[in-house]
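Structural overview for review
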Amino acid sequence: MIDFAPLFMRQTVETAQPGTTIFFEGDAARHVFRIVRGTVRICRFLSDGRRLIIGFLGAADLVGLSFRNRYMFAGEAIDEVVFTRMNKRTLEEELQLVPDFRLQLLSQLRDEISAAQDHMLLLSHKNAEQRVCTFLLHRLERNEGRDGRTISLPMVRADIADHLGMTIETVSRTLTKLVTKGILLPADKHQFKVASRSALARTADEDPDVFEEVEAGARYAGTRYQ
């Protein structure tokens, strides 16, 4: 993937503390943000006060892309978030000068649409355990852990629940169940180790073949370099 960092290198680096709203739903969409470090939750609030979390974005992701004049969602810092921002019009001008960046941006937007469609299928067709396992697989695919087995969860259980359409209690029970089954192993604070990628994939009702190949490669690497 092309890193958008060169486009933002002349912009001021800013920091948002945990719980800070970087931009509000309904605000004029004047800027696009690039996350340097940390995790941002993208959420929307319903008229009855309920919160829906659309997704979680991290380092190198662009936040605030909008085809409308106002942000459709809010962006909130989960942990300390370091970011840069660029005026939307300036970004459009820069993209005209560098076709590769423009193509990559279109690719990212397609990925976001696909992710939104996958999330709708997850909420409508999967049970609680499958939802949590699918979420964990997505976190693992972001390469959060250098060893390829560590899942980092900087968000609280309430965030995961609002993202998966579940209660906090169900999320906690499901994680405990996965630990009991030996699929997950507790690690440091806010982290789990995946004992078996293929078992996690099967429990998520996903094709385990790809994960079995990765798992075999990880075992080989571990033996070779011990």
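Bear in mind the structure is a predicted one, so any value in this text is a computation, not a measurement.

Examining the overall build of the protein
The secondary structure content of the protein amounts to eight helices and eleven strands. Considering the protein as a whole, with its 226 residues, one finds that 42% of them fall into the buried category. Counted over contacts in the protein with a minimum sequence separation of 6, partners at least 24 positions apart contribute 70%.

Observations regarding the sheet that holds strand β6 (residues 62–63)
Each strand in a sheet pairs with its neighbour through backbone hydrogen bonds, running either in the same direction (parallel) or in the opposite one (antiparallel). If you trace the four strands from one edge of the open sheet to the other, you get β1-β8-β3-β6, paired in antiparallel fashion. The open sheet terminates on both sides in strands that have one partner only, identified here as β1 (13–16) and β6. Relative to β6, strand β3 (residues 31–37) runs antiparallel, the two sharing two bridges. Note that in β6 the partner of Phe33 across the bridge is Val63.

Regarding the pattern of salt bridges
Counted by the stated rule, this structure contains twelve salt bridges. The shortest N-O distance in the salt bridge between Arg51 and Asp162 comes to 2.8 Å. One end of the pair, Arg51, is in strand β5 (residues 51–57); the other, Asp162, is in helix α5 (residues 157–164), with 111 residues separating them in the sequence. A relative accessible area of 18% means that Arg51 is categorised as buried. Asp162 sits in the partly exposed class, given a relative accessible area of 26%. Between Lys177 and Glu129 there is a salt bridge whose closest N-O contact spans 3.7 Å. Highlighted residues: Lys177 in helix α6 (residues 168–180) and Glu129 in helix α4 (residues 128–141), separated in sequence by 48 residues. Linked through salt bridges whose partners overlap, the residues forming this network are Arg41, Arg51, Glu76, Asp159 and Asp162.

Here we look at the sheet that holds strand β10 (residues 184–186)
Ordered in space as β9-β11-β10, the three strands form an open sheet in which the pairing is antiparallel. The sheet is open, and its two edges are formed by β9 (150–152) and β10, each paired on a single side. Strand-to-strand twist of the sheet, defined as the mean angle between neighbouring strand axes without regard to direction, takes the value 35 degrees. Relative to strand β11 (residues 191–194), β9 is paired through three bridges, and the arrangement is antiparallel. The partner of Thr150 across the bridge, within β11, is Lys193. Along the sheet face, α4 touches β9, β10 and β11 and points at about 100 degrees away from the line of β9. Across the face of the sheet, α6 comes into contact with β10 and β11 while running at roughly 100 degrees to β10.

Thoughts on the pairing of β11
Here β11 shows a clear split, with Phe192 and Val194 buried on one side and none of Gln191 and Lys193 buried on the other. Pairing between β10 and β11: three bridges, direction antiparallel. Along β11, the bridge assignment pairs Pro186 with Phe192. Between β10 and β11, which follow one another and run antiparallel, lie four residues, and His190 among them has a positive phi close to 65 degrees.

Considering the confidence of the model for the protein
Summarising the model, the protein shows a mean pLDDT of 84, and 89% of its residues fall at 70 or more. No element of the protein has a lower mean pLDDT than helix α8 (residues 209–224), at 43, and none a higher one than β1, at 97. Confidence drops under pLDDT 50 across residues 213–226; counting only partners more than four residues distant or on other chains, this segment forms eight contacts.

Observations concerning unusual backbone geometry
The backbone phi angle of Ala60 is positive, close to 80 degrees, even though this residue is not glycine. As for its placement among the helices and strands, Ala60 is situated in the loop between β5 and β6. Even without being glycine, Asp205 reaches a positive phi, approximately 65 degrees. Looking at the element boundaries, Asp205 is found in the loop between α7 (197–203) and α8.

Here is what the cut-offs are and how they apply
Residues numbered from 1 in each chain as written. Predicted model: local features only at pLDDT ≥ 70, side-chain atom pairs only at ≥ 80, totals over all residues. Heavy atoms only, no water. Helix = DSSP H or I, 4+ residues; strand = E, 2+ residues; numbered from the N terminus. Buried < 20%, exposed > 50% of the residue type's maximum accessible area, 1.4 Å probe, protein only. Contact = heavy atoms within 4.5 Å. Pairing = 2+ DSSP bridges. Salt bridge = Lys/Arg side-chain N within 4 Å of Asp/Glu carboxyl O. Axes fitted to C-alpha atoms, helices over the stretch in contact; angles between N-to-C directions. pLDDT = per-residue confidence, 0-100.

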